[in-house]
Amino acid sequence: MDPLLLIPGPSPVAPRILEALARPTVSHVSAVLAADTRLALDHLKSIVFTRVGHPFILAGAGTLAMEIALVNLARPESRILIVSQGYFGDRMAEIAAAFGLEHERLQSPWGSVVAAEDVARRLAERPFDLVTATHVDTGSGGCAPVCAYAAAARAAGALFILDGVCATGGIEERMDDWGLDVVLTAAQKCLGAPPGLAVDVFSPAALERRLSLGAIRAYYADILRWRPVMDDPSRYFSTPCVNEHRALAEATRLIMEEGLAARFRRQAGLGRAARAGLAALGLELLTEDGCRADTLSVVRYPEGLDDAAFRAAWLRHGVQVAGGLAATAGRVFRMGHMGNLTGDQLLFAFEALEAAWSELGRRGDTGAAPRAVREALAGPAAEAGS
Ligand code: PMP
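Residues numbered from 1 in each chain as written. Predicted model: local features only at pLDDT ≥ 70, side-chain atom pairs only at ≥ 80, totals over all residues. Heavy atoms only, no water.

*Asks:* Run through the overall build of the protein chain, naming residues and quoting values.
*Replies:* From N to C terminus, the protein chain includes 15 helices and 12 strands. Dimensions along the principal axes, computed over C-alpha positions, put the protein chain at roughly 65 × 55 × 40 Å. Considering the protein chain as a whole, with its 386 residues, one finds that 57% of them fall into the buried category. Of the roughly 15100 Å² of accessible surface on the protein chain, a fraction of 53% belongs to carbon and sulfur atoms. (Helix = DSSP H or I, 4+ residues; strand = E, 2+ residues; numbered from the N terminus. Buried < 20%, exposed > 50% of the residue type's maximum accessible area, 1.4 Å probe, protein only. Areas by Shrake-Rupley, 256 points an atom, 1.4 Å probe, with all protein chains shown as cover.)

In structure tokens:
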């Protein structure tokens, strides 16, 4: 049997989404596909709480979505402030460097996040016309105060790009209310679809900026070439990922059926439950209290627990997690708990973890981790023991 996929994306894909993926490949300019794409575009606007934003869906992944945001907003003389709490903020800096864009990184140590006051201070010290931030960094597990970052960017007259790859559809992001200029994500994480699609939602101000730029150093990634297709998905620019669009439409339909408030609550509950289960085994997180993402946990290895042996043991019991990125490789494991993951699946994962745990000769109170997960899933009151 395939393992339960608890890497921090792709997240497990629900059967009805896989069924949508397996529907016949129809013409990329057919009314059938246009209807599915239109539905996904409309739902994506709802998911990021925008009435006036312009959503784009392109074949690609989160990294393309990041590149799209930068190349469509940066002027040749732009100065970009990149707020980074880990691996993917650093990637944004690499993309800026690849395009020769002047940028500065405002960085926190892995496991914490940059304070909003520090963003505001830096913006007051030097002029920037673009600010980027990562909502949840999948390397460090840090969840940033992005609403406050956006306010600081707006006050400084800069446009604000939010990388929501590990958050959008799982953690609230209110594009219009918070003044986000681009929200970017990918299909395979909190949206719960299979990998293969990049998503960018541009605000009217972001679209205006693109229009003001004239020619940019992109062809496929130029949103102006895609705009007519997003307005009328039966038009052609470049062949879309037909089956993926159908799967994304179904994934967004599922999200809207669940309801955004309920989904965010469920996601928060999964985060609490995972942390409770890990704590019951005496495991500690890399990420500081106060900025821990609900979509994944980055967990320090205790003395003497070998990364490869641990992950192999858990995998033998049916669960796959990921190792650490960059300097944390071998020192942490990363457990995703996002998208359409159910409480029962999380419980199964912790039962499997306990089995792997004792197989590795580690002692503990048998049943404590699943019990802690069960209690946390029952609600915050149960978790507090009241
Ligand atoms: N940003 C964040 C926050 C991510 O977690 C990831 C993927 N883990 C990316 C960007 C890049 O996405 P992709 O791997 O789909 O290119």
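Read on, since the account is not over.
*Asks:* Tell me about the site of the ligand, residues and numbers included.
*Replies:* Taken together, A61, G62, T63, M66, F88, T134, V136, T138, D163, V165, Q188 and K189 form the complete shell of residues around the ligand. G62 is positioned such that a nitrogen or oxygen atom in its backbone is 2.8 Å from an oxygen atom of the ligand. Between the ligand and the protein, one listed contact pairs an oxygen atom with a side-chain N or O atom of T63 at 2.6 Å. Its free accessible area being 390 Å², the ligand has 86% of it covered by the protein chains. Per-element accounting of the shell around the ligand gives the leading share, 3 residues, to helix α3 (residues 62-73). Here the residues of the shell around the ligand sort into 5 nonpolar, 5 polar and 2 charged. (Near = heavy atom within 4 Å. Polar contact = N/O pair within 3.5 Å; in protein donor to acceptor, adjacent residues only side chain to side chain. Nonpolar A, V, L, I, M, F, W, Y, C, P; charged D, E, K, R; others polar.)

*Asks:* Go over the pattern of salt bridges with me, naming the residues and quoting the values.
*Replies:* Enumeration according to the criterion identifies 24 salt bridges in this entry. For D36, the salt bridge is made with R246, and the minimal N-O distance between the two is 3.1 Å. One end of the pair, D36, is in helix α2 (residues 31-47); the other, R246, is in helix α10 (residues 242-258), and 210 residues separate them in sequence. Judged by its relative accessible area of 10%, D36 falls in the buried class. (Salt bridge = Lys/Arg side-chain N within 4 Å of Asp/Glu carboxyl O.)

*Asks:* Tell me about the nonpolar core, and name the residues and values.
*Replies:* Where a protein is soluble and globular, its nonpolar side chains tend to be buried together. Judged by nonpolar contacts, the single largest core of 84 residues is most densely connected at V119, Y149, F160, I161, L184 and L248. The element that contributes the greatest number of residues to this core is α3, accounting for 8 residues. Setting aside residues up to four positions removed in sequence, F160 forms contacts with V131, A133, V146, Y149, A150, A153, G179, L180, D181 and V182. (Core = buried A, V, L, I, M, F, W, Y, C linked by side-chain atoms within 4.5 Å. Contact = heavy atoms within 4.5 Å.)

*Asks:* Describe in detail the confidence of the model for the protein chain, supporting the description with residues and values.
*Replies:* Confidence in the prediction of the protein chain, expressed as mean pLDDT, is 96, and 98% of residues score 70 or more. Counted against residues more than four places away or in other chains, residues 381-386, with its pLDDT under 50, gives 6 contacts. (pLDDT = per-residue confidence, 0-100.)

*Asks:* Residues and numbers for unusual backbone geometry, please.
*Replies:* With an omega of 0°, the peptide bond between G9 and P10 qualifies as cis. Along the chain, the position of P10 falls in the loop between β1 (4-5) and α1 (15-21). Residue F49 is not a glycine yet carries a positive backbone phi of 55°. Looking at where F49 falls in the secondary structure, it is placed in the loop between α2 and β2 (54-59).

*Asks:* Break down the environment of H245 for me, with residues and values.
*Replies:* Along the chain, the position of H245 falls in helix α10. A residue is classified by how much of its surface remains accessible, and H245, at 5% relative accessible area, is buried. Separated by 146 residues in sequence, H245 and F99 have C-alpha atoms that sit 29 Å apart. Setting aside residues no more than four positions away along its own chain, H245 makes contact with L33, T37, I57, L197 and P240.

*Asks:* Pulling in residues and values, what's your account of α2?
*Replies:* Counted at 1.5 Å a residue, the expected span for α2 with its 17 residues is 24 Å, and the 24 Å between its end C-alpha atoms agrees. Buried within α2 are the following residues: L33, A34, D36, T37, A40, L41, H43, L44 and I47. Contacts from the buried residues of α2 go to β2, β8 (197-202), α9 (223-231), α10 and α11 (260-280). Looking one or two residues beyond α2, the residue adopting positive phi is F49, at roughly 55°. (Expected span 1.5 Å × (residues − 1).)

*Asks:* Let's hear about α9: which residues, and what values?
*Replies:* Of the positions making up α9, those classed as buried are I223, W226, V229 and M230. Here the buried residues of α9 occupy an arc of 110° about the axis, which is enough to place them on one side. (Arc of directions from axis to C-beta.)

*Asks:* Pulling in residues and values, what's your account of the side chain of S140?
*Replies:* Mapped onto the elements of the fold, S140 is located in the loop between β5 (130-134) and α6 (146-155). In this structure S140 comes out as buried when scored by relative accessible area, which is 0%. Other than its neighbours up to four places away in sequence, S140 contacts Q85, W110, G111, L286, T287 and V298.

*Asks:* Mind laying out the pairing of β5, listing which residues take part and the relevant values?
*Replies:* Buried residues dominate β5, accounting for 5 of its 5 residues. Where strand β3 (residues 79-84) lies against β5, 4 bridges are found, and the strand directions are parallel. Residue pairing in the sheet places I80 in a bridge with L130 of β5. The sheet contact formed by β5 and strand β6 (residues 159-163) spans 5 bridges and is parallel. Residue pairing for β6: T132 is matched across the bridge by I161. Handedness of the β5-α6-β6 crossover: right-handed. (Pairing = 2+ DSSP bridges. Right-handed = clockwise from strand over helix to strand, strands pointing away.)

*Asks:* Let's hear about the side chain of N72: which residues, and what values?
*Replies:* Along the chain, the position of N72 falls in helix α3. On the basis of relative accessible area, N72 is assigned to the buried category, the value being 0%. Within the local environment of N72, its side chain forms a polar contact with the backbone oxygen of I68, the two atoms lying 2.8 Å apart. A polar atom in the side chain of N72 sits 3.3 Å from the side chain of R210. Non-local contacts of N72, meaning those with residues more than four positions away in its chain, are made with F202, R210, L213, I216, A221, D222 and I223.

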